[in-house]
Amino acid sequence: MKIIITGPKCSGKSTIGAEAAKRLEIPFYETDSIIEELYSREHNEKLNFYEICEKLGETAFREYEKRAVKEASELDWCIISVGGSTLLDSESRRLLRDDSVIVLLKADLGILWERLKKRGSSVYFKRRSPEDYFKEAASKKIETLEPFADITIDVSDDNDNPGKFISAASDYFAMLSKSPNTSGQIIRATTFGESHGPAVGVVLDGLKPGIEFSAEDIQAELERRRPGQSSVSTPRSEKDKVRILSGVFEGKTTGTPIAMIIENKDQDSTKYDIIKHLFRPGHADFTFWKKYGIRDHKGGGRSSGRETAGRVASGAAAKKILADRGVKITASSFEIGGVKAEEYNPNEIESNPVRCADKQAAEKMQQAILEARKNGDSLGGIVELRISGVPAGLGDPVFGKLDARLAGALFSLGAVKGLSFGDGFEAAKSRGSEFNDQMRDNDFLSNHAGGVLGGISTGQDILVSLAVKPTPSISQPQDTVNTEGSSKKIQIEGRHDPCILPRIIPVVEAMAALVLLDCWEIQQRLRPGTI
Ligand SMILES: Cc1cc2nc3c(=O)[nH]c(=O)nc-3n(C[C@H](O)[C@H](O)[C@H](O)COP(=O)(O)O)c2cc1C
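The name given to the chain in an unreviewed UniProt entry is Multifunctional fusion protein, with Sedimentisphaera cyanobacteriorum as the source organism. Its UniProt record gives the chain the following Subcellular location (unreviewed entry) comment, quoted word for word: "Cytoplasm".

A few words now on the side chain of Q460. Within the fold, Q460 resides in the loop between strand 20 (456-457) and strand 21 (462-468). Polar side-chain contacts of Q460 include one of 2.9 Å to the side chain of T458. With near-sequence residues (within four places) excluded, Q460 lies in contact with I387, F444, S446, N447 and G451.

Before going further, it helps to examine helix 4 (residues 58-73). Under the 1.5 Å per step criterion, the end-to-end length of helix 4 is 22 Å for 16 residues, consistent within 8% with the ideal 22 Å. Of the residues making up helix 4, those classed as buried are F61, Y64, E65, A68, V69, A72 and S73. On its buried face, helix 4 sits against strand 1 (2-7), helix 2 (31-43), helix 3 (49-56), strand 3 (79-83) and helix 5 (90-97).

In this section: the site of the ligand. Taken together, 16 residues sit near the ligand, with S303, K469, S473, H496 and D497 positioned nearest. One of the side-chain N or O atoms of S473 is found 2.6 Å from an oxygen atom in the ligand. Within the side chain of H496, one N or O atom sits 2.9 Å away from a nitrogen atom of the ligand. Burial of the ligand by the protein amounts to 87% of the accessible area it has alone, namely 630 Å². Class assignment of the residues belonging to the shell around the ligand gives a composition of five nonpolar, eight polar and three charged.

Turning our eyes to something else, we now look at the environment of E263. The topology assignment puts E263 in strand 12 (residues 258-263). Residue E263 is classed as partly exposed on the basis of its relative accessible area, which comes to 32%. On a C-alpha basis, the gap between E263 and G201 in space is 8.2 Å, while along the polypeptide they are 62 residues apart. Not counting residues up to four positions away in its chain, the partners in contact with E263 are P198, A199, E238, K241, R243 and R306.

On to the UniProt feature "binding site: Mg(2+)" (unreviewed entry) in the chain. UniProt's entry tags S14 with the feature "binding site: Mg(2+)" (unreviewed entry), counted in the numbering of this structure. Here S14 shows up in helix 1 (residues 13-24). We classify S14 as partly exposed; its relative accessible area is 31%. The contact partners of S14, leaving out residues within four places of it in the chain, are F28, E30 and S81.

Looking now at the sheet that holds strand 21. Taken in spatial order, the five strands of this open sheet run 14-13-15-21-16, and their pairing is antiparallel. Edge positions in the sheet fall to strand 14 (339-340) and strand 16 (416-421), since each of these pairs with one other strand and no more. Pairing between strand 16 and strand 21: five bridges, direction antiparallel. Directly across from F421, in strand 21, lies its bridge partner V464. The strands that helix 13 (residues 402-411) touches are strand 15 (381-388), strand 16 and strand 21; relative to strand 16, the one it contacts most, it runs at about 160°.

Another aspect to go through is empty space enclosed by the protein. For the structure on display, the rule yields two cavities of 30 Å³ or more. Lining the largest cavity are I211, E212, F213, S214, D217, I218, A316, A317, K320 and I321. The set of elements that each furnish at least two residues to the lining of the largest cavity consists of helix 9 (215-225) and helix 11 (308-324). Top contributing element to the lining of the largest cavity by residue count: helix 11, with four residues. For the lining of the largest cavity, a count of residues per class yields six nonpolar, one polar and three charged. For the second largest cavity, the calculated volume is near 50 Å³. Along its surface, the second largest cavity is lined by T6, L87, R93, R97, I102, L145, F148 and A149.

Let's shift gears to the pairing of strand 3. The buried count for strand 3 comes to five of five residues, which makes it a mostly enclosed element. One ladder, built from five bridges, connects strand 1 with strand 3; its direction is parallel. Directly across from I5, in strand 3, lies its bridge partner S81. As paired strands, strand 2 (residues 28-30) and strand 3 are joined by three bridges and run parallel to one another. Looking at strand 3, one finds that F28 is bridged to I79.

Further remarks concern the pairing of strand 13 (residues 328-336). Successive side chains on a regular strand alternate, one facing one side of the sheet and the next facing the other. Among the nine residues of strand 13, seven are classified as buried, and the element is accordingly described as predominantly covered. In this structure, strand 13 lies alongside strand 15, joined through eight bridges in antiparallel fashion. Across the sheet, A331 pairs through a bridge with L385, a residue of strand 15. As paired strands, strand 13 and strand 14 are joined by two bridges and run antiparallel to one another. Its bridge partner being in strand 14, E335 is matched across the sheet by K340. The turn joining strand 13 and strand 14, which pair antiparallel and follow one another in sequence, is formed by two residues; a positive phi near 50° is taken by G337.

Our focus in this paragraph is the UniProt feature "binding site: ATP" (unreviewed entry) in the chain. Per the UniProt record, "binding site: ATP" (unreviewed entry) is found at C10, S11, G12, K13, S14, T15 and R128. Maximum C-alpha separation among the annotated residues is 29.3 Å over a sequence range of 119 residues, too wide for a single clustered spot. Lining of the second largest pocket among the annotated residues: C10, S11, G12, K13, S14 and T15. On the secondary structure map, C10 appears in the loop between strand 1 and helix 1. Apart from the residues within four sequence positions on either side, C10 is in contact with L112, R115, L116 and R119. Summarising the element assignment, G12 is placed in the loop between strand 1 and helix 1.

Rules and cut-offs
- Here the residue numbering is sequential within each chain, running from 1 through the sequence in written order.
- Local features are withheld for residues below a pLDDT of 70 in this predicted model, meaning they are given only at 70 or higher, and side-chain atom pairs are given and counted only at 80 or more; totals for whole chains, interfaces and linings count all residues.
- Only hydrogens and water are set aside; all other atoms, that is, all heavy atoms of the structure, feed into the side-chain values.
- UniProt positions are given in the numbering used here, feature names are shortened, and annotations may be inferred rather than shown by experiment.
- Where helices and strands are cited, they refer to DSSP runs of H or I of at least four residues and of E of at least two residues respectively, numbered from the N terminus.
- Polar contact criterion, stated in full: a pair of N or O atoms within 3.5 Å, where within protein one must be able to donate a hydrogen and the other to accept it, and residues adjacent in sequence count only if both atoms are side-chain atoms.
- Whether two residues are in contact is decided by their heavy atoms: any pair within 4.5 Å suffices.
- Any helix carries an expected span of 1.5 Å times its number of residues minus one.
- For each residue, the accessible area found with a 1.4 Å probe, counting protein chains only, is set against the maximum for its type, and the residue is called buried under 20%, exposed over 50%, and partly exposed in between.
- Working definition: residue near molecule or strand if any one of its non-hydrogen atoms lies within 4 Å of it.
- Surface accessibility in these figures is a Shrake-Rupley result with a 1.4 Å probe; residues are shielded only by whichever protein chains are displayed.
- Throughout, the ten residues Ala, Val, Leu, Ile, Met, Phe, Trp, Tyr, Cys and Pro are labelled nonpolar, Asp, Glu, Lys and Arg are labelled charged, and all others, Gly among them, are labelled polar.
- The criterion for strand pairing is that DSSP finds at least two bridges linking the strands in question.
- Axes, fitted as lines to C-alpha atoms, cover a helix only where it is in contact. Angles between the N-to-C directions of the axes lie from 0 to 180 degrees.
- A cavity here means a set of points on a 1 Å grid, drawn over the protein atoms and nothing else, where a 1.4 Å probe fits but cannot get out; a pocket is an open set with protein on both sides within 12 Å along at least five of seven lines, and a residue lines either one if it has an atom within 4 Å of a point.
- Grid points are joined across faces, edges and corners, and a volume is the space filled by probe spheres set on the points.

Listed below in structure tokens is the structure:
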């Protein structure tokens, strides 16, 4: 992979490219210098690029240029400055396109002309109307190259253009290199840490500088996810105090990665010793063993719900930014152990331990969980997610559709076994005449689709339901096998959530916020000023 920097004369390809390469500590090349080297090797004479052109004539010179492009196309992990005219040749474009990111520098034509005049010597000054000739050539280059460029940067001002170049190129590379521990394209959250390691956390990158960022906002969301918060969550007692290590200065983002760490203080690995060689039914022990060949039996390692603390910390920041733009993201328990909410009172959600919007149903849900726990068992249920204030236009067909991205993010949570938008599976039983959301007076008359059409937000509420399975770690005796494959009985001790719903709710909101903010940033770049 390499970065090609190109643009019309005086756009600063060489200066910006060389400075960016220095800062990134990677090599910098120029096709002009490669031509000079090729010529000197073959003619035993040192001439500069212009002298070679003059001596050989246009046709022979272009042949040299093509050979230089061929050599450049074989380079890797470097920045290469390529003359705008070189890339007007389709074969050169094809060669340099492969395994590269093309960055086009453009600027106001008047500014480019002023820079050329300051520079003094140029073949353009030999023309009859040098200014017109130069501007026409520069504008042709920009017009032809812009559709081929992955990134276009306006360099009309001289305000740290190498910095702009590095930031745009790194955003682009981040978009290309997806890691399974990182979510997002522009707003990227990488979580780290295991259940019984020293800490869990997240590195959140891609936020612009100057956004207000308070540890209190992050902490408030972490409190909602924290273990040991009520009688229906795990008794593991963690304070989950977040420590912000970087990326924030005097309460504002600096535009650099924000690292947040949450220490594990109350891990008790002794209870896990008896299952060191046994696989917990319903948990990820067996598949992690098959995939990685390592058995981190202490608290489930990275497959533990504890990993989600980093998601909540980064999601809290995304949620706050979206709230300032009018987006409200609310998840609640719709059903637990067969008890369903019959009314939706959003003010009720945070005042009961199961986070249900119906006070009476909440009490019954709580009783059902305590009963299951008494019997060494656990319960599952349905989480309802409602998002309001999302403008129409978020989501990127085809593989970045909003519903596909939300589903991917929410399915990345442990214990989520089903997901639907709007009427969901009921759609299968409906007729078009019933299911279609008809429109009148510039509005929708219903919301069966759940706020997404064609993978793009409609501007209506986004409605999602999630099926969450019962907590796999239960204390009843169960059948399993050990790492040798022999049949065994297992009885799990340790501290576990008797029902995952109350604690998964802030995580669901966090994941939705990260996806929505990322889609928002993408849309802002696609059609600036439209949302
Ligand atoms: C917030 C949260 C808390 C969880 N708490 C527990 C728990 O206490 N005990 C447990 O066995 N599983 C718990 N889980 C579920 C497991 O992490 C999950 O079931 C396991 O990784 C297997 O993944 P799967 O259910 O997606 O197949 C929790 C999950 C989340 C998201």
